[in-house]
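Breakdown of the fold
One-letter residues, chain by chain:
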Amino acid sequence: MAVLDVLGRRWVLRILWELRSPATSFRDLQSRCGGMSSSVLAERLTDLRDMGVVHDLPEEGGYGLTDQGHQLLEIMLPLDDWANRWDRRQRKDNK
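Computed from a prediction, not measured in an experiment: that's the story for all the values here.

Structural notes on the overall build of the chain
- What the chain contains, in helices and strands, is 5 helices and 2 strands.
- Going from N to C terminus, the chain has its helices and strands arranged as α-α-α-α-β-β-α.
- The principal-axis extent of the C-alpha atoms belonging to the chain is close to 50 × 25 × 25 Å.
- Looking at the chain as a whole, 29% of its 95 residues are labelled buried.
- Across the chain, every contact between residues at least 6 apart in sequence was considered, and the portion connecting residues at least 24 apart equals 44%.
- Only carbon and sulfur atoms are counted for the fraction: they give 52% of the accessible area of the chain, which is about 6,500 Å².
- The centroid of the 14 positive side-chain charges in the chain is displaced by 10 Å from the centroid of its 15 negative side-chain charges.

Observations regarding the confidence of the model for the chain
- Mean pLDDT over the chain works out to 92, with 100% of the residues at or above the 70 mark.
- Per-residue pLDDT, averaged within each element of the chain, yields its smallest value for helix 1 (residues 2-7) (88) and its largest for helix 4 (residues 38-51) (96).

Structural notes on the nonpolar core
- Ile15, Leu16, Leu19, Leu29, Leu45, Leu48 and Val54 are the most contacted members of the largest nonpolar core, which has 19 residues in total.
- Of all the secondary structure elements, the ones that give two or more residues to this core are helix 1, helix 2 (12-18), helix 4, strand 2 (62-65) and helix 5 (67-93).
- In contact with leucine 19, other than residues within four places in its own chain, are Thr24, Leu29, Val54, Tyr63, Gly64 and Leu65.

Re the pattern of salt bridges
- Inspection of every chain in the model, using the stated rule, returns 9 salt bridges.
- Across the pair arginine 14 and glutamate 18 runs a salt bridge whose closest N-O atoms are separated by 3.0 Å. Here arginine 14 pairs with glutamate 18, and both are found in helix 2, just 4 residues apart, close to one helical turn.
- For arginine 14, a relative accessible area of 35% gives the class partly exposed.
- For arginine 32, the salt bridge is made with glutamate 18, and the minimal N-O distance between the two is 3.7 Å.

Details of helix 4
- An ideal rise of 1.5 Å per residue puts 20 Å on 14 residues; helix 4 measures up with 20 Å between its terminal C-alpha atoms.
- Those residues of helix 4 that sit buried are Leu41, Arg44, Leu45, Asp47 and Leu48. Along helix 4, the residues classed as buried sweep out an arc of 160° about the axis, all on the same side. When the buried face of helix 4 is taken as reference, the exposed residues oriented beyond 90 degrees from it are Ser39 and Asp50.
- Buried positions along helix 4 lie against helix 1, helix 2, helix 3 (26-32), strand 1 (54-57) and strand 2.
- Directly beyond the C-terminal end of helix 4, a positive phi value near 85° is found at glycine 52.

What counts and what doesn't
- Residues numbered from 1 in each chain as written.
- Predicted model: local features only at pLDDT ≥ 70, side-chain atom pairs only at ≥ 80, totals over all residues.
- Heavy atoms only, no water.
- Helix = DSSP H or I, 4+ residues; strand = E, 2+ residues; numbered from the N terminus.
- Buried < 20%, exposed > 50% of the residue type's maximum accessible area, 1.4 Å probe, protein only.
- Contact = heavy atoms within 4.5 Å.
- Areas by Shrake-Rupley, 256 points an atom, 1.4 Å probe, with all protein chains shown as cover.
- Lys, Arg positive; Asp, Glu negative; His and termini not counted.
- Charge placed at Lys NZ, Arg CZ, Asp CG, Glu CD.
- pLDDT = per-residue confidence, 0-100.
- Core = buried A, V, L, I, M, F, W, Y, C linked by side-chain atoms within 4.5 Å.
- Salt bridge = Lys/Arg side-chain N within 4 Å of Asp/Glu carboxyl O.
- Expected span 1.5 Å × (residues − 1).
- Arc of directions from axis to C-beta.

Dropping the structure here:
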């Protein structure tokens, strides 16, 4: 339940999705998550670091996924596939 609590917080899934690519800076991540305040991003990054799925990368000047973070994204990919199929069905049905 603790994992679902963190994942259910606003912006968390988007942050994880944006971190699937190589390390990114705080400002770049904020830009990719358009509309998120810096205080919310900082709070969510803290939550994800505490969870062990995100870590600071001082050499690169940014953030990245830990091995556990990459594993979490892999687990979530089938859900993304399902959501894309669902979306296509919804669009087709609403025409």
